[in-house]
Amino acid sequence: MRNLIYNIALIITSIMVMGGYFCANAQTDSKNVIYTGELANKVYGYGGKTPLNIHIENGVITEIEALENHESPQYFSRATGKIFPKFVGKTVDEALSMQVDAVTGATYSSEALIENIRAGLTEAKAKGLATGEKKVANKPAKKSKKSKRK
């Protein structure tokens, strides 16, 4: 009986921990994350598809995540390490107008990444996530200088 209670408590605790883990890692505001897996489903690197999550806040790309893929880790990390920083911090419009070259030695992977990013940013623009202005910080609204009524 004691073992049964212990096992039930262990299972319940495991479920709670895993539930908390998945909640913490869930996209809380999915409209600001563009998943390219379906958008660029015909884009292949050397080892297959290279899906991404592109995070956008106020029209600015804040992060690009490489998702599970079958690329060679050595070459793929070389490509992501050189390509992602070129896009992060840019507005959607700035990024779409950029000419980015493939990384030598990781050509297929980097071309797939660039094509995925472009597909994701095109979708972001279509969804209205591109403001066109890079916002560095939120500034408080200025008070109008209207005369006070008495």
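Residues numbered from 1 in each chain as written. Predicted model: local features only at pLDDT ≥ 70, side-chain atom pairs only at ≥ 80, totals over all residues. Heavy atoms only, no water.

Participant: Looking at this structure, I do not really get the overall build of the chain. What am I missing?
Facilitator: Counting its regular elements, the chain contains 4 helices and 3 strands. Order of helices (α) and strands (β) in the chain, N terminus to C terminus: α-β-β-β-α-α-α. Every one of the 150 residues in the chain was classed for burial, and the buried ones make up 30%. Accessible area of the chain: about 10900 Å², with a carbon and sulfur share of 54%. (Helix = DSSP H or I, 4+ residues; strand = E, 2+ residues; numbered from the N terminus. Buried < 20%, exposed > 50% of the residue type's maximum accessible area, 1.4 Å probe, protein only. Areas by Shrake-Rupley, 256 points an atom, 1.4 Å probe, with all protein chains shown as cover.)

Participant: Can you walk me through the nonpolar core in this structure?
Facilitator: One recurring pattern in soluble globular proteins: nonpolar side chains tend to sit buried together. By size, the foremost hydrophobic cluster in this structure holds 23 residues, and its most contacted members are I54, I56, I64, I83, F87, I117 and L121. Looking at this core, the elements that each hand over two or more residues are β2 (52-57), β3 (60-66), α2 (73-87), α3 (92-97) and α4 (107-126). Discounting chain neighbours no more than four positions away, the residues touching I56 are N32, I34, I61, T62, V92, L121, A124 and L129. (Core = buried A, V, L, I, M, F, W, Y, C linked by side-chain atoms within 4.5 Å. Contact = heavy atoms within 4.5 Å.)

Participant: Sorry if this is basic, but what is going on with the pattern of salt bridges here?
Facilitator: Opposite charge on two side chains makes pairing possible when the charged atoms of those side chains draw close. All told, the structure shown has 2 salt bridges when counted by the stated rule. Between K127 and E123 there is a salt bridge, with the nearest N and O atoms lying 3.9 Å from each other. Residue classification places K127 among the exposed residues on the basis of a relative accessible area of 53%. (Salt bridge = Lys/Arg side-chain N within 4 Å of Asp/Glu carboxyl O.)

Participant: How should I be thinking about the sheet that holds strand β1 (residues 33-35) in this particular structure?
Facilitator: The pairing of strands in a sheet comes from backbone hydrogen bonds and takes either a parallel or an antiparallel form. Strands sit in the order β1-β2-β3 across an open sheet of 3 strands; the sheet is antiparallel. One side of each edge strand has no neighbouring strand; the edge strands of this open sheet are β1 and β3. Averaged over neighbouring strand pairs, the angle between their axes works out to 20° when direction is ignored. Where β2 meets β3, 6 bridges bridge the pair, whose relative direction is antiparallel. Pairing of L52 across the sheet is with A66, part of β3. The sheet strands contacting α2 are β2 and β3, and the helix crosses β3 at an angle near 170°. Running over the sheet, α4 touches β1, β2 and β3 and is turned about 45° from β2. (Pairing = 2+ DSSP bridges. Axes fitted to C-alpha atoms, helices over the stretch in contact; angles between N-to-C directions.)

Participant: Teacher, can you tell me more about the packing of α2 against α4 here?
Facilitator: Each pair of packed helices gets described by two things: the angle between the helix axes and the distance between those axes. Interhelical geometry of α2 versus α4 gives an angle of 35° and a closest axis separation of 9 Å. Crossing of α2 against α4: the hand is right-handed. In contact with F76, A79, T80, I83, F84 and F87 of α2, α4 contributes S109, S110, L113, I114, I117 and L121. Here the contact of α2 with α4 is built from residues that sort into 9 nonpolar, 3 polar and no charged. (Left-handed = near helix turned anticlockwise from the far one by under 90°. Nonpolar A, V, L, I, M, F, W, Y, C, P; charged D, E, K, R; others polar.)

Participant: Would you mind going over unusual backbone geometry with me for this structure?
Facilitator: Most peptide bonds adopt trans geometry, and most residues besides glycine take a negative phi value. Phi is positive for N58, close to 55°, though the residue is something other than glycine. Note that N58 resides in the loop between β2 and β3. Note on N58: relative accessible area 43%, which makes it partly exposed.

Participant: Is there a simple way to explain the side chain of H55 in this structure?
Facilitator: Here H55 shows up in strand β2. Leaving out residues up to four positions away in the same chain, H55 has contacts with N32, V33, V60, I61, T62, E63 and E65.

Participant: For this particular structure, what's the right way to read the environment of G59?
Facilitator: With respect to the element layout, G59 can be found in the loop between β2 and β3. Residue classification places G59 among the buried residues on the basis of a relative accessible area of 1%. C-alpha separation for the pair G59 and N32, spaced 27 residues apart in sequence, amounts to 9.2 Å. With sequence-adjacent residues up to four places away left out, G59 is seen in contact with K90, T91, V92, L129, A130 and T131.

No statement about biological role is implied by the geometric values presented.
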